[in-house]
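Listed below are the residues making up each chain.
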Amino acid sequence: MRNQCVWEILAFLLVALSIVKWCSAAAAEEVVTCSGMVPMVYRNDKVSITDFGGVGDGRTLNTKAFSKAIYRIKHLKRRGGTLLYIPAGVFLTESFNLTSRMTLYLAKGAVIKATQNTANWPVIAPLPSYGRGRERPGGRYMSFIHGEGLHDVIITGENGTIDGQGEIWWNMWRQNTLQFTRPNLIELKDSRNIIISNVVFKNSPFWNIHPVYCSNVVIRHVTILAPHDSPNTDGIDPDSSSHVCIEDSYISTGDDLVAVKSGWDQYGIAYGRPSHDITIRRITGSCPFAGIAVGSETSGGVYNVFAEHITLNKMGVGIHIKTNIGRGGTIRNISFSDVYMVDARKGIKIAGDVGDHPDENYNRNALPVIKNVRIRNVWGKKVQQAGLIIGIKNSPFTNICLSNINLHGSIGTRYVPWNCSNVRGGSIQVTPSPCSQLIRSSKRNAKCSIHF
């Protein structure tokens, strides 16, 4: 499996080399990062998991060792916080909670591996903005690594691995034997000042990294891997969170690489916490669903999302904004630029008919609003359909602005035209020609605002 992942990454990097000429101008610019958004804190106080009886033989259960170590960090409250060091080895454990002012540091060769004993997995309450588990009614299994109400938490190291051993959960989903919604690999809830960097995340049971109701979150230099047939293994899902930066990472999973969310139907509307001020840059990846997505759970609203310098291979949809009747919420000020894709079913999709509902009590009159979307500098080959934009009859998508887009199919394949309805906007230099609703216009007479 490991060799297969290595070859997958190497093959894709060879494909990506073909865009050097396309992005040379951008490469000449100073590379912008979000490293200063949440400062990396040096912890003077350091402990090792082995100090608490941890054994990295891949067989010994280390749940008590993690519990003791984190109890010590939480209650001694060393000035500047404490670093928990995980040395090389395979440390098998059940799920556990982090605490504030701590660094979880995985050394080179370190693996924190989830037990496959699902019978003892703790169950927690559903998120209030979802009203129930995302897959099953009622509660949900706690994430493998969990944190709630925390601040100043760092998960980093020397590219050690956090392995969710998700196959047993995937099979339960396929066989319809789940009692509750599957656990995420990492979830931080109601937390702030978070850094996740230089770690490999592997085989999550469900979504990989889920910051929910969080602020000031930096996720960079991570690798996220799961088989393409693993169900709902989203890479990174900022959810009702603000001031999030995701950058310089490789993601290959069974669902969306990055998906911005903000609650589900009437529960998300009532909770009313949007996702906003989110930056996504220099992401490389592959998956059968969306590269960069907004939605489909967007009932709290999503605004000010900026995604740039994205490189995608073997995708379902390159760029995807998705919502549904009953969601409510406003999606606005969304910008995609400098996106390169190879081998995709659809290049761009914006749709108001995507996603299910938590129950029959959702409001059929809660119509979502999508406006002020800018997509520019997109290039792709072997793209089966350049674009699909399906608005909502009584809530058309407005100010959808396309510029400098070239999406080409495979040689000898049938051209599939753009398909649009209930949308207003404009386009400049788009190939193949977009649908008539996006009126082609000159820069002097644009039918929508290219900048916002």
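Parameters at a glance
Residues numbered from 1 in each chain as written. Predicted model: local features only at pLDDT ≥ 70, side-chain atom pairs only at ≥ 80, totals over all residues. Heavy atoms only, no water. UniProt positions renumbered as here; feature names shortened; annotations may be inferred. Core = buried A, V, L, I, M, F, W, Y, C linked by side-chain atoms within 4.5 Å. Buried < 20%, exposed > 50% of the residue type's maximum accessible area, 1.4 Å probe, protein only. Contact = heavy atoms within 4.5 Å. Pairing = 2+ DSSP bridges. Helix = DSSP H or I, 4+ residues; strand = E, 2+ residues; numbered from the N terminus. pLDDT = per-residue confidence, 0-100. Phe/Tyr/Trp six-rings, centres within 6.5 Å; stacked < 30°, edge-to-face > 60°. Lys NZ or Arg CZ within 6 Å of the ring centre and 35° of its normal. Expected span 1.5 Å × (residues − 1). Salt bridge = Lys/Arg side-chain N within 4 Å of Asp/Glu carboxyl O. Polar contact = N/O pair within 3.5 Å; in protein donor to acceptor, adjacent residues only side chain to side chain. 1 Å grid on protein atoms, 1.4 Å probe; cavity = no way out; pocket = protein on both sides within 12 Å on 5 of 7 lines; lining within 4 Å. Points joined across faces, edges and corners; volume = space filled by probe spheres on them. Nonpolar A, V, L, I, M, F, W, Y, C, P; charged D, E, K, R; others polar. Arc of directions from axis to C-beta.

Looking up the protein chain in an unreviewed UniProt entry gives the name Rhamnogalacturonase A/B/Epimerase-like pectate lyase domain-containing protein, with the organism given as Centaurea solstitialis. Its UniProt record gives the protein chain a comment under Sequence similarities (unreviewed entry), which states: "Belongs to the glycosyl hydrolase 28 family."

S.K.: Would you mind going over the nonpolar core with me for this structure?
M.R.: The nonpolar side chains of a soluble globular protein tend to be buried with one another. Within the largest apolar cluster, 91 residues are counted, with the highest numbers of intra-cluster contacts made by Leu84, Leu98 and Ile280. In contact with isoleucine 280, not counting residues within four places along its chain, are Ile246, Val258, Val260, Ile292, Val305, Phe306, Ala307, Glu308 and Ile310. Among the nonpolar cores identified, the runner-up in size contains seven residues, and Leu127, Tyr130, Phe206 and Trp264 belong to it.

S.K.: Mind showing me how you'd approach the sheet that holds strand β13 (residues 186–189) here?
M.R.: Sheet strands associate in pairs through backbone hydrogen bonding, adopting either a parallel or an antiparallel arrangement. A sheet is described by the order of its strands in space; here four strands give the open sequence β5-β10-β13-β16, paired in parallel fashion. The open sheet has two edge strands, β5 (96–97) and β16 (209–212), and neither has a second partner. Pairing of strand β10 (residues 145–148) with β13 involves four bridges; the strand directions are parallel. When the bridges of β13 are listed, glutamate 148 appears paired with lysine 189.

S.K.: Explanation requested: the confidence of the model for the protein chain in the structure shown.
M.R.: Parts of the model with low pLDDT should not have their predicted coordinates read in detail. Summarising the model, the protein chain shows a mean pLDDT of 92, and 90% of its residues fall at 70 or more. In the predicted structure, residues 6–29 sits below a pLDDT of 50 and forms 22 contacts with residues beyond four places in sequence or in another chain.

S.K.: Is there a simple way to explain the packing of aromatic side chains in this structure?
M.R.: The description of an aromatic ring pair uses the distance of the two centres, along with the angle that the planes make with each other. Here the structure, examined in full by the defined rule, presents 11 aromatic pairs. With a centroid separation of 6.4 Å and 40 degrees between ring planes, the pair formed by tryptophan 121 and phenylalanine 144 is classed as tilted. Residue tryptophan 121 is located in the loop between β7 (110–114) and β8 (123–124), and its partner phenylalanine 144 is located in the loop between β9 (140–141) and β10; the two are separated by 23 residues in the primary sequence. The exposure classification of tryptophan 121 matches that of phenylalanine 144, with both residues buried. Centroid distance tyrosine 141 to tryptophan 169: 4.9 Å. Interplanar angle 65 degrees. Geometry classified as edge-to-face. Placement of the pair is tyrosine 141 in strand β9 and tryptophan 169 in helix α4 (residues 167–174), with a sequence separation of 28 residues. For tryptophan 169, a relative accessible area of 0% corresponds to the buried category. In this structure, arginine 134 is placed above the aromatic ring of tryptophan 264, and the distance from its NZ or CZ to the ring centre is 4.0 Å. Between arginine 332 and the ring centre of tyrosine 303, over which it is positioned, the NZ or CZ distance is 4.3 Å.

S.K.: I'm lost on helix α3 (residues 63–76) in this one. Help?
M.R.: Two residues of an α-helix separated by three or four positions point the same way, owing to the 3.6 residues in each turn. For α3, with 14 residues, the first-to-last C-alpha span of 20 Å sits near the 20 Å given by 1.5 Å per residue. Positive backbone phi, approximately 50 degrees, marks lysine 77, located one or two places after α3.

S.K.: Can you help me understand the pattern of salt bridges in this one?
M.R.: Applying the stated criterion across every chain yields a total of 18 salt bridges. A salt bridge links aspartate 190 to lysine 189; its shortest N-O distance comes to 3.0 Å. Lysine 189 gets classed as buried once you look at its relative accessible area, which sits at 12%.

S.K.: Would you explain the side chain of aspartate 45 in this entry?
M.R.: Here aspartate 45 lies in strand β1 (residues 45–48). Side chain to side chain, aspartate 45 and threonine 82 meet in a polar contact 2.6 Å long. If near-sequence neighbours (up to four positions away) are discounted, aspartate 45 is found in contact with Arg72, Arg78, Gly81, Thr82 and Leu83.

S.K.: How do you make sense of the environment of serine 230 when you look at a structure like this?
M.R.: Within the secondary structure layout, serine 230 lies in the loop between β18 (223–225) and β19 (242–252). What makes serine 230 buried here is its relative accessible area of 1%. With 63 residues separating them in the primary sequence, serine 230 and glutamate 167 have C-alpha atoms 7.8 Å apart. If we ignore the near neighbours within four places in the chain, the residues touching serine 230 are Trp170, Arg174 and Gly254. A polar atom in the side chain of serine 230 sits 2.5 Å from the backbone oxygen of proline 227.

S.K.: Even after reading the chapter, I still don't get the side chain of asparagine 324, so can you show me in this structure?
M.R.: Mapped onto the secondary structure, asparagine 324 falls in the loop between β23 (302–322) and β24 (330–351). The exposure class assigned to asparagine 324 is buried, which follows from its relative accessible area of 11%. Of note is the side chain of asparagine 324, whose polar atom sits 2.7 Å from the backbone oxygen of glycine 355. Excluding its chain neighbours within four sequence positions, the residues that come into contact with asparagine 324 are Gly352, Asp353, Val354, Gly355, His357 and Pro368.

S.K.: Looking at this model, I keep getting lost on empty space enclosed by the protein. Mind explaining?
M.R.: A water-sized probe, rolled over the atoms, reveals where empty space remains. On inspection of all chains with the given rule, the structure shows one cavity of 30 Å³ or more. Each residue belonging to the lining of the largest cavity can be placed in one class, and the counts come to six nonpolar, five polar and five charged.

S.K.: Can you walk me through α4 in this structure?
M.R.: For α4, the full list of buried residues reads Trp169, Trp170 and Met172. Across the axial projection of α4, the buried residues extend over an arc of 160 degrees, all falling on one side. Looking at the buried side of α4, the elements it contacts are β9. Trailing α4 by a residue or two, asparagine 176 shows a phi angle of about 60 degrees, which is positive.

S.K.: Is there a simple way to explain the environment of arginine 424 in this structure?
M.R.: With respect to the helices and strands, arginine 424 occurs in strand β28 (residues 423–431). For arginine 424 and phenylalanine 397, which are 27 residues apart along the polypeptide, the C-alpha to C-alpha distance reads 6.2 Å. Filtering out sequence-adjacent residues up to four positions away, arginine 424 remains in contact with Pro396, Phe397, Thr398, Asn399, Ile400, Gln437 and Leu438.

S.K.: In this structure, what is going on with the environment of threonine 118? I would like to understand it.
M.R.: Counting through the fold element by element, threonine 118 comes out in the loop between β7 and β8. What makes threonine 118 buried here is its relative accessible area of 17%. Between the alpha carbons of threonine 118 and glycine 326 there is a distance of 34 Å; along the sequence they are 208 residues apart. In this structure, threonine 118 is in contact with Tyr141, Ile168, Trp169 and Met172, ignoring residues within four places of it in sequence.

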